[in-house]
Number of protein chains: 2
Amino acid sequence: MIAWKNLDTTAAYKKLQGLKNHVCLQDAMSGESGAKRVKEYCVPMAGGLSYNYAAKQVDADVLAVLKDLAEEMQLTEKYAALYNGEVINTGEKRLVLHQLTRGQLGENVMADGVNKREFYVAQQQKVADFAKKVHAGEITNAAGEKFTTVVQIGIGGSDLGPRAMYLALENWAKQNGCFKLEARFISNVDPDDAASVLKGIDVKHSLFVLVSKSGTTLETLTNESFVKDALKNAGLDPARHMVAVTSETSPLAKSSDYLAAFFMDDYIGGRYSSTSCVGGAVLSLAFGPDIFARFLNGAAEEDKLATNPDLLKNPAMLDALIGVYERNVQGYPATAVLPYSQALSRFPAHLQQLDMESNGKSVNRFGEPVDYVTGPVIFGEPGTNGQHSFYQLLHQGTDIVPLQFVGFRRNQAGMDVNIQGSTSQQKLCANVAAQIMAFACGKKDENPNKNFDGGRPSSIIIGDQLTPEALGALLAHFENKVMFQGFVWNLNSFDQEGVQLGKVLAKRVLAHDTDGALKVYSDLLDI
Amino acid sequence: MIAWKNLDTTAAYKKLQGLKNHVCLQDAMSGESGAKRVKEYCVPMAGGLSYNYAAKQVDADVLAVLKDLAEEMQLTEKYAALYNGEVINTGEKRLVLHQLTRGQLGENVMADGVNKREFYVAQQQKVADFAKKVHAGEITNAAGEKFTTVVQIGIGGSDLGPRAMYLALENWAKQNGCFKLEARFISNVDPDDAASVLKGIDVKHSLFVLVSKSGTTLETLTNESFVKDALKNAGLDPARHMVAVTSETSPLAKSSDYLAAFFMDDYIGGRYSSTSCVGGAVLSLAFGPDIFARFLNGAAEEDKLATNPDLLKNPAMLDALIGVYERNVQGYPATAVLPYSQALSRFPAHLQQLDMESNGKSVNRFGEPVDYVTGPVIFGEPGTNGQHSFYQLLHQGTDIVPLQFVGFRRNQAGMDVNIQGSTSQQKLCANVAAQIMAFACGKKDENPNKNFDGGRPSSIIIGDQLTPEALGALLAHFENKVMFQGFVWNLNSFDQEGVQLGKVLAKRVLAHDTDGALKVYSDLLDI
């Protein structure tokens, strides 16, 4: 039987509290012991990646207690309950099935009268068939001309994940001869967002993917109207230029306004939807369904690794528990995500949503307030850029911020230049290696301005190249990390009630049904 | 006489500690008292902006002590010392003159044997003349054709600020008939960054602006070579396509490799350089020198407001001190910047550098460790996007994160659509107003999942439209806020020694001069 319980009711957590500042990172990472750690504290991931946690403030003692915590918290069992179709999203009384969009780890999951794995595969196939017809020129604009651009209209999870994934593979696809359509994204209700995207594309040859699970997301429907007006003004029939990604019960599902509709369901949260049709439509159109399938395979393989009950062989669980140690024992309030790959420029923004929307909560899954801190603030920018910016605070600020690096041995575009005896790619990699050590060990200096205390923990995910498989593995790793942390904190990581109040109040403002401070703000903003 | 002293040596700080949780925001912002606060807690800024701090956890008591603190810390006098040319950057023994790039607030500042205001104006004029010739077709490519694109090559302060400013005005310029050249930016040493930008432009009609104060920034010189190779491969002469922005003593200053060189100096930190030639070259080329001048005027006006010794009439000082109260008394570790304007999409990344690189420090200006926390983590994304993402944690997470909103009554592009009785711009504004109230007052609910405690502080900068003047004012406001906070924390906000160690270690990696853990990381990354 699974027991859902609060972190502070476990014996392991009490033991863990006694291990605060247990590891001196400066010592641990110095000399031969440091070299040994980097070799040993490394777990293989899917897609040719590995998770290296040598520069985290853990040792055999801490890891042993984290292992106890994993067992006491039944993390493996809870994950199994999730992928076997239990109602894990208790707040909304829903299954949580995003892993099923890329593979099946356990029993057949039946819901809404169908086998859900079959449902997701069928939708993926529908998307693939559609994309192939677009690429082959069988589905065209009214003039019989091929589409050259795909524009996703969505917000939140319907935007951040797919956008980050598209940018991650854009140059790779161009280099590998599988770049089909340029993709653009419209998300903000700020009319300047849609206006700017529309000015930059050739609408006559553009296909728009409207993404809204409910079919009622106000920002998205507003942007749809914006786009439809633009199409009509260009003398085009919007119905020839739009597809919908939505749920089967939404008003968009059977509308003649769309060339096609692809379905997701209530068991896929927006921030977990990149491997569903929400990511599938735009990515299959941009790069072809085969590339999207490779991306799914990377994620599926990573999902499998997360089933391993051996903590030291389970990268997502290990990453999750080290994060809990840093948050609840070491007391660090934020985590920075620092990919040394320009292609991952929007990956931190996606992780920011994934993590903060899932675990930024103060009540447990039974609605009781918890007495410990939960999800941290997540932020980040690609290196080396960040090095010339906010790294100052990370190195010498008064708060310690744990760091998540990502680095690849090879770049994507295949162009490089050799300056001062090294390529750009070598410089990029040299920088990330150097940063890990600078943060961990620091450097004493007589000039206090130039003194580095060190003791600032980081981990790095290292890959050969950012391929579709590697990207899928990377995505699934963080989804599963967040899931395990939610289990440890005893949260429901799969609802987002915190975004509702603002929506309700915004409607009142638009209806001019306000008083007090809200009325004055509305007046100041000329609403 | 100015006394530089630590925050915790002041009487006002001790008083302030006694005012922890002094204001109940839920009560203060409710009913008629809330309406009154929104009207009264509002300070005019330049560029048609105003700073509204009604939803901050302050009242007359807290403000009175903050006023004492401002006086005890001699903030006005320290600012005057700075703009009158004292050596405020004590670590590097330099003056701090970025305000002088846009106006003169005090005495003539002489350095390097010249009047520095005259020097900055002369450089600005040189940029303006050059830009006008490019626009008029007097400076062209070798084929006599006009340039259509300008590409900035720089990193850190030479990238983030100018890029954020360009994006902020791009649509405004297009709408107002002053859009001259498309701008692009290359910054990361990741070769995929330069490759991707070069693939997206027509190099034959592109002008490159190389920005490096020292002329030795490795990332930037590497990217310069990358670009030069691309130009040569296209049969073009790089010297006809490049200008340099650098210091007069740099190796780039008198090279025949460049069409022109524009000068900055050691008194302008990278993160404060958007109003110098670093921002001036690309912005004048993109929008014309007149627009850049309007941007400078907005900043200069805002700088003037910051000289006001009356705290309640000095938006930057007020913002700074409220931030100190939140950080050092309330104990909040991070601040989110949330512009409700897609044009400000990269403004948070610029502020992240500005703030975290300036005040992310643990020793005071005399090199002594301080016993209080200094600069917070800064992060953010544009609303309404963030609402569908990390706002969950901001509303219901276990930590409180103070918020800085920015909103405008009118959009830039002049296109809009009316859906369900309101325009997109109205929806955008309604959302920001609603969020402020949701964060401040929350809403009790029987379902603990749907309960909002409120008590989460925010301020908002409201403007009519994001014009060049408004943008200049916005930029200067935050620069001056950060400066005042540095004074309060007794830091040198104008050096960045924390970024050096990584550079040194990266060089060792590239020279294969490593052992221990660093050697193993280097091997894992195939360097």
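Residues numbered from 1 in each chain as written. Chains lettered and ligands numbered in written order. Predicted model: local features only at pLDDT ≥ 70, side-chain atom pairs only at ≥ 80, totals over all residues.

## Section: the overall build of chain A
Inclusion rule: In DSSP terms, a helix is any run of H or I states spanning at least four residues, a strand is any run of E spanning at least two, and both are numbered starting from the N terminus. Each radius of gyration is computed over the set of C-alpha atoms, and the globule rule expresses the reference value as 2.2 Å times the number of residues to the power 0.38. It is the C-beta atoms, placed from the backbone, that decide contacts: two residues are in contact if theirs lie within 7 Å.
Counting secondary structure elements, chain A contains 18 helices and 15 strands. At 24 Å, chain A has a C-alpha radius of gyration in line with the 24 Å of a compact globule built from 527 residues. Counting only C-alpha atoms, chain A reaches 70 × 60 × 55 Å along its principal axes. Partitioning the intrachain contacts of chain A with sequence separation of at least 6 by distance along the chain shows that 75% fall at a separation of at least 24.

## Quick word on the environment of G200 of chain B
Here G200 of chain B shows up in helix α8 (residues 191-200). For the pair G200 of chain B and R163 of chain B, spaced 37 residues apart in sequence, the C-alpha to C-alpha distance is 17 Å.

## A word on helix α12 (residues 315-329) of chain A
Residue and element names in this part refer to chain A. Here is the rule we go by: The span you would expect from a helix comes to 1.5 Å times its residue count less one. Three exposure classes are used, all based on how many other C-beta atoms lie within 10 Å of a residue's own C-beta (placed from the backbone): buried at 20 or more, exposed at 12 or fewer, and partly exposed between those limits.
In a regular helix each residue adds 1.5 Å, so 15 residues correspond to 21 Å; α12 covers 20 Å between its end C-alpha atoms and thus fits that length. Across the 15 residues that make up α12, a large majority, 13, are buried. Trailing α12 by a residue or two, G331 shows a phi angle of about 80°, which is positive.

## A short note on the packing of helix α11 (residues 289-305) of chain B against helix α16 (residues 468-489) of chain B
Residue and element names in this part refer to chain B. Spelled out, the test is: Orientation is described by axes fitted as lines to C-alpha atoms, over the contacting stretch for helices, and by angles from 0 to 180 degrees between their N-to-C directions. Geometric relationships in this document are graded by angle, where less than 35 degrees denotes roughly parallel, more than 145 denotes roughly antiparallel, 65 to 115 denotes roughly perpendicular, and other angles denote oblique. Each crossing is labelled by how the near helix is turned from the far one, with a counterclockwise turn of less than a right angle marking it left-handed and a clockwise turn marking it right-handed. We call Asp, Glu, Lys and Arg charged. Ala, Val, Leu, Ile, Met, Phe, Trp, Tyr, Cys and Pro are nonpolar, and the rest, Gly among them, are polar.
Contact geometry of α11 with α16 gives a least axis separation of 7 Å together with a crossing angle of 40°. As far as their axial angle goes, α16 and α11 are oblique. As α11 runs across α16, the sense of the crossing is right-handed. Contact residues: I291, R294, F295, L296, N297, G298, A299, E301, E302 and D303 in α11; P468, E469, A470, L471, G472, A473, L475, A476, H477 and N480 in α16. In the contact of α11 with α16, the residues fall into 10 nonpolar, 5 polar and 5 charged.

## Looking at the domain arrangement of chain A
What counts is decided by this rule: These domain limits were set by an automatic method or by a database of domain assignments.
By the assigned domains, chain A splits into domain 1 (7-97 + 299-497), domain 2 (107-295) and domain 3 (498-527). For domain 1 of chain A and domain 3 of chain A, the distance between their C-alpha centroids amounts to 39 Å.

## Comments concerning the packing of helix α7 (residues 160-175) of chain B against helix α10 (residues 277-287) of chain B
All names here are of chain B. Put simply, α7 and α10 touch, their axes get as near as 10 Å, and they point 20° apart. As far as their axial angle goes, α10 and α7 are roughly parallel. In the crossing of α7 with α10, the sense of the turn from one axis to the other is right-handed. Between α7 and α10, the contacting residues are G161, P162, M165, Y166, L169 and A173 on the first element and V278, G279, V282, L283, A286 and F287 on the second. Here the residues of the contact of α7 with α10 are counted per class, giving 10 nonpolar, 2 polar and no charged.

## Remarks on the interface of chain B and chain A
The interface is formed by 124 residues belonging to chain B together with 123 residues belonging to chain A. Element by element, the count of residues in the side of chain B that touches chain A is highest for helix α15 (residues 424-441) of chain B, at 14 residues. Each residue belonging to the side of chain B that touches chain A can be placed in one class, and the counts come to 55 nonpolar, 47 polar and 22 charged.

## Section: the sheet that holds strand β1 (residues 42-44) of chain A
Residues and elements named next belong to chain A. As a reminder of what qualifies: Pairing between two strands is assigned when DSSP locates at least 2 bridges connecting them.
Strand order in the open sheet formed by 6 strands is β1-β2-β15-β12-β10-β11, with mixed pairing between adjacent strands. The two strands at the open ends of the sheet, each matched to only one other strand, are β1 and β11 (377-379). For this sheet the average axis-to-axis angle between neighbouring strands, irrespective of direction, equals 15°. Sheet topology places β1 next to strand β2 (residues 50-52); 3 bridges connect them, and they run antiparallel.

## Remarks on the relation of the copies chain B and chain A
Worth spelling out the cut-off: Fitting of the copies onto one another was done by least squares over C-alpha atoms, counting residues only where both copies have pLDDT of at least 70.
Superposing chain B onto chain A requires a rotation of 180° together with a translation of 0.0 Å along the rotation axis, leaving an RMSD of 0.0 Å. Seen this way, the second copy is the image of the first under a two-fold rotation axis. Scanning chain B for the C-alpha nearest the rotation axis identifies F379 of chain B, at a separation of 3.2 Å. Take the interface residues of chain B: 99% of them recur as interface residues in chain A, which is what a same-surface contact looks like.

## Quick word on unusual backbone geometry
In most cases, non-glycine residues show a negative phi, while peptide bonds are predominantly trans. Following G383 of chain A, the chain continues into T384 of chain A via a peptide bond in cis, with omega recorded as 5°. One non-glycine residue, N490 of chain A, lies in positive phi territory at about 60°. Position of N490 of chain A relative to the elements: it lies in the loop between α16 (468-489) and α17 (500-510). Residue N490 of chain A is classed as buried on the basis of its 21 C-beta neighbours within 10 Å. The phi dihedral of Q74 of chain B falls on the positive side, at around 55°, and the residue is not glycine. Inspection of the secondary structure assignment puts Q74 of chain B in the loop between α4 (60-72) and α5 (75-83). Residue class for Q74 of chain B comes out partly exposed when judged on the 18 C-beta atoms lying within 10 Å of it.

## Details of the nonpolar core
Taken as a class, soluble globular proteins show a tendency for nonpolar side chains to be buried jointly. Selection criterion: Each nonpolar core reported here comprises buried Ala, Val, Leu, Ile, Met, Phe, Trp, Tyr and Cys residues connected via C-beta atoms within 7 Å.
Of all hydrophobic cores here, the largest spans 359 residues; its most connected members are V209, L321, A433 and M437 of chain A together with L321, A433 and M437 of chain B. If near-sequence neighbours (up to four positions away) are discounted, M437 of chain A is found in contact with M29 of chain A together with L505, A517 and L518 of chain B.

## With respect to the sheet that holds strand β6 (residues 182-186) of chain A
Residue and element names in this part refer to chain A. Taken in spatial order, the 5 strands of this open sheet run β6-β5-β7-β8-β9, and their pairing is parallel. Looking at which strands have only one partner, the edges of the open sheet turn out to be β6 and β9 (261-264). The mean inter-strand angle of the sheet, taken between neighbouring strand axes irrespective of direction, is 20°. When strand β5 (residues 149-153) meets strand β7 (residues 206-211), the two strands line up parallel, connected through 5 bridges. Paired with Q152 across the strands is V209, a residue of β7.

## Points about the pairing of strand β8 (residues 242-247) of chain A
Residue and element names in this part refer to chain A. So the rule is basically this: Handedness is read with the strands pointing away from the viewer; a crossover is right-handed when the path from the first strand over the helix to the second is clockwise.
Counting buried positions along β8 gives 5 out of 6 residues, so the element sits mostly inside the fold. Two strands pair when backbone bridges link them, and β7 and β8 are joined in this way by 4 bridges, in the parallel orientation. Opposite F208, over in β8, you have M242 as the bridge partner. The parallel pair β7 and β8 is bridged by helix α9 (residues 218-233), and the resulting crossover is right-handed. Sheet analysis places β8 next to β9, joined by 4 bridges and oriented parallel. What sits directly across from S247, in β9, is M264.

## A few points about α15 of chain B
Residue and element names in this part refer to chain B. Taking 1.5 Å as the rise per residue, α15 with 18 residues should run 26 Å; its terminal C-alpha atoms sit 26 Å apart, in good agreement. Of all 18 residues that make up α15, 18 are buried, and the element is covered over most of its length. Backbone geometry just downstream of α15 places G442 in the positive-phi region, at approximately 60°.

## Notes on the environment of Y340 of chain A
Inspection of the secondary structure assignment puts Y340 of chain A in strand β10 (residues 334-340). For Y340 of chain A, a count of 28 C-beta atoms within 10 Å corresponds to the buried category. In the structure, Y340 of chain A is positioned 78 residues away from F262 of chain A in sequence and 35 Å away in space, judged by C-alpha atoms. Here Y340 of chain A is in contact with P382, G383, F405, V406, G407, L428, N431 and V432 of chain A together with D190 of chain B, once residues within four sequence places are set aside.

## Regarding the confidence of the model for chain A
Low-pLDDT portions of the prediction should not be read for the details of their coordinates. Note the cut-off: Confidence of the predictor in every single residue is expressed as pLDDT, which spans 0 to 100.
Mean pLDDT over chain A: 97, with 100% of residues reaching 70 or higher. Overall fold confidence (pTM) sits at 0.97, and the ipTM for the predicted complex is 0.97.

## So, the environment of A143 of chain B
If you trace the backbone, A143 of chain B turns up in the loop between α6 (116-136) and β5 (149-153). Distance in space between the C-alpha atoms of A143 of chain B and K204 of chain B is 9.0 Å, their sequence separation being 61 residues.

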